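Here's the letter readout for the chains.
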Amino acid sequence: MKEFALLRQNPDFIYFDSAATCQVPDAVLQAYTAYYQQHHANVHRASHQLGRAATTALEHARTALADFIGANAENVTLQASTTAALNGLAQQLPIDWQAGDEILLSAAEHHANILPWQRLAQLHDLKLRYIPIDRQTGELGAWQHLLNARTRVVSVTAASNVTGAIFDIQPLLQAAREQGAITIVDAAQIAAHSDINIASWHCDALIFSAHKVYGLNGCAVTYLAPQLWSVMAPFQVGGGIVQQVTETTAQWIDSIHKFEAGSPNTGAAVAAAAGVNWLQQQQPHAHLKQLRTLLVQQLHTRDWLNVLPSGTAHTPTVAFYSDNFQAYDIAAWLDQHNIAVRAGHHCAQVLLQHWQLPAVVRVSLGAYNTADQINRFIETLDAGWALFGSD
């Protein structure tokens, strides 16, 4: 915790909500502050040294973030959020939609990867299909019968933001691509916990938010395959993305920058690059795996708790519920004891509807968490059960 100012200042506070957003290490805040103190200007269009320095900072950040996922910087655009990127893709995919065309999602999708497609489906009379999530294992269910000649887009999460299950989506993506569908991966939940190499993912687009990988809000790394972005219109239009504008027409620039109209959030991009650099230096994966194992073992020994299945591979996220101690009450009790968890549907109502659950408690771990915190969490949970839940 020594590298996280908020946690240093609150040593008794336990933060178990990293799947929502990570706490920010000092190195990231320092990089962000240094940019504004030393290099801040608008990028690309300046005729002065400071503007060139800001442009260099932005493009160096883009390169570092592209390297993080094994991509070429020429194919990475920096968007405001994963939600913004998914909305932009839904609006601008170069598809001549016909009534009855299909979009394939999974039942585990965050609302950010459902609602843009719902709106598109309503506009063009399309059909949304959902791959089920196995209630016993937490794994991605059968999808082969759902993929057909009418499937135009497959957009799936790489990991559940509720259970932490990491899904085996590569065969799905490969099969979808082979039949001509556009493939999109929401990597927001997996980026901090598993190496990503674009070359092996068979996807046309992949997105994750920097604040999930120890960066700041305001930057989402968005990979677009060159064969896709080269024929797509910009998500938004405005300054910085045109070669020429007349009274009635505009000609877009022929680069990934056409998706970045207006003034970019260069500070957030610099912080995002610092965040992935910090993550790569720290390599907390083994530590988090051990903590998750300890947490799950402890939860399973409580017969009044039900732990949601999370497959054979998972992020350090665990969800549970009790038939006699409501999720929101559990979260409120923990909050009174300085432990932050999240309760509810987690913007994944489709999954909870499929599993007939109104709400669950989610514990999501970060590099700053410890075994002592897991033990204190369990002790506090037991105390709450003794007071409110047991007969």
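Residues numbered from 1 in each chain as written. Predicted model: local features only at pLDDT ≥ 70, side-chain atom pairs only at ≥ 80, totals over all residues. Heavy atoms only, no water.

Side note on the side chain of Asp101
Its place among the elements puts Asp101 in the loop between α4 (82–92) and β3 (102–106). In this structure Asp101 comes out as buried when scored by relative accessible area, which is 3%. One polar contact links the side chain of Asp101 to the main-chain amide nitrogen of Gln98, over a distance of 2.9 Å. At a separation of 2.9 Å, a polar atom in the side chain of Asp101 contacts the side chain of Arg150. (Helix = DSSP H or I, 4+ residues; strand = E, 2+ residues; numbered from the N terminus. Buried < 20%, exposed > 50% of the residue type's maximum accessible area, 1.4 Å probe, protein only. Polar contact = N/O pair within 3.5 Å; in protein donor to acceptor, adjacent residues only side chain to side chain.)

A few points about the sheet that holds strand β8 (residues 220–224)
One open sheet holds the seven strands; their spatial order is β2-β8-β7-β6-β5-β3-β4, and the pairing between them is mixed. In the strand order of this sheet, the two ends are held by β2 (76–79) and β4 (127–131), each with one partner. Strand-to-strand twist across the sheet, computed as the mean angle between neighbouring axes with direction ignored, equals 20°. Across five bridges, strand β5 (residues 151–157) lies against strand β6 (residues 182–186) in parallel orientation. Across the sheet, Ser155 pairs through a bridge with Ile184, a residue of β6. Those strands touched by helix α3 (residues 49–68) are β2, β7 (205–209) and β8, and its axis lies near 110° from that of β2. Its contacts with the sheet put α4 on β2, β5, β6, β7 and β8, and the angle it makes with β7 is roughly 155°. (Pairing = 2+ DSSP bridges. Axes fitted to C-alpha atoms, helices over the stretch in contact; angles between N-to-C directions. Contact = heavy atoms within 4.5 Å.)

Concerning the nonpolar core
Residues Ile69, Leu89, Ile184 and Leu206 are the most contacted members of the largest nonpolar core, which totals 109 residues. Per element, the largest residue contribution to this core is eight residues, and it comes from helix α8 (residues 266–282). Not counting chain neighbours up to four residues away, the residues in contact with Ile184 comprise Leu86, Leu89, Leu93, Trp117, Val153, Val154, Ser155, Val156, Ala205 and Ile207. (Core = buried A, V, L, I, M, F, W, Y, C linked by side-chain atoms within 4.5 Å.)

A few points about the packing of aromatic side chains
Aromatic ring pairs are defined here through the distance separating the ring centres and the angle between the ring planes. This structure, assessed with the given rule, holds 16 aromatic pairs. Ring centres 5.0 Å apart and planes at 50° place the aromatic pair Phe235 and Phe259 in the tilted group. With Phe235 in the loop between α7 (226–229) and β9 (242–245) and Phe259 in the loop between β10 (250–252) and α8, this pair connects stretches of sequence that are 24 residues apart. The buried category is assigned to Phe235, whose relative accessible area is 9%. Taken together, a centroid distance of 4.5 Å and an interplanar angle of 5° make the contact between Trp304 and Trp385 stacked. Taken together, the residues Trp304 in the loop between α9 (285–300) and β11 (306–307) and Trp385 in helix α12 (residues 371–389) connect sequence positions 81 residues apart. In this structure, Trp304 and Trp385 share a single accessibility class: buried. (Phe/Tyr/Trp six-rings, centres within 6.5 Å; stacked < 30°, edge-to-face > 60°.)

Examining the side chain of Ser18
Among the structural elements, Ser18 can be located in the loop between β1 (14–15) and α2 (26–38). Contacts of Ser18, omitting those with residues within four sequence positions, involve Ser364, Leu365, Gly366 and Tyr368.

Brief notes about α2
For α2, spanning 13 residues, the distance from its first C-alpha to its last is 18 Å, which sits close to the expected 18 Å at 1.5 Å a residue. Of the positions making up α2, those classed as buried are Asp26, Val28 and Tyr35. Buried residues along α2 sit in contact with α1 (5–9), α3 and α8. (Expected span 1.5 Å × (residues − 1).)

With respect to the packing of α4 against helix α5 (residues 115–124)
One can describe the packing of α4 onto α5 by two numbers: an axis separation of 9 Å at closest approach and a directional angle of 20°. What the angle tells us is that α4 and α5 run roughly parallel. By crossing handedness, the relation of α4 to α5 is classed as right-handed. For the pair formed by α4 and α5, the contact residues are Leu86, Asn87, Ala90 and Gln91 on the first element and Pro116, Trp117, Arg119 and Leu120 on the second. (Parallel < 35°, antiparallel > 145°, perpendicular 65-115°, else oblique. Left-handed = near helix turned anticlockwise from the far one by under 90°.)

Examining the pairing of β3
When you tally the buried positions in β3, you get five out of five residues, the bulk of the element. The side-chain alternation of β3 yields two buried faces, one formed by Glu102, Leu104 and Ser106 and the other by Ile103 and Leu105. Pairing geometry for β3 and β4, over five bridges, is parallel. The partner of Leu105 across the bridge, within β4, is Tyr130. Tracing the backbone out of β3, into α5 and back to the parallel element β4 gives a crossover that is right-handed. Relative to β5, β3 is paired through three bridges, and the arrangement is parallel. (Right-handed = clockwise from strand over helix to strand, strands pointing away.)

Let's talk about the pattern of salt bridges
Scanning all chains against the criterion turns up ten salt bridges. For Glu260, the salt bridge goes to Arg62, with nearest N and O atoms at 2.7 Å. With Glu260 in the loop between β10 and α8 and Arg62 in helix α3, this pair connects stretches of sequence that are 198 residues apart. By the burial criterion, Glu260 is buried, and Arg62 matches it. Between Asp101 and Arg152 there is a salt bridge; the shortest N-O distance is 3.1 Å. Here Arg152 lies in strand β5 and Asp101 lies in the loop between α4 and β3, a separation of 51 residues in the sequence. A residue is classified by how much of its surface remains accessible, and Arg152, at 26% relative accessible area, is partly exposed. (Salt bridge = Lys/Arg side-chain N within 4 Å of Asp/Glu carboxyl O.)

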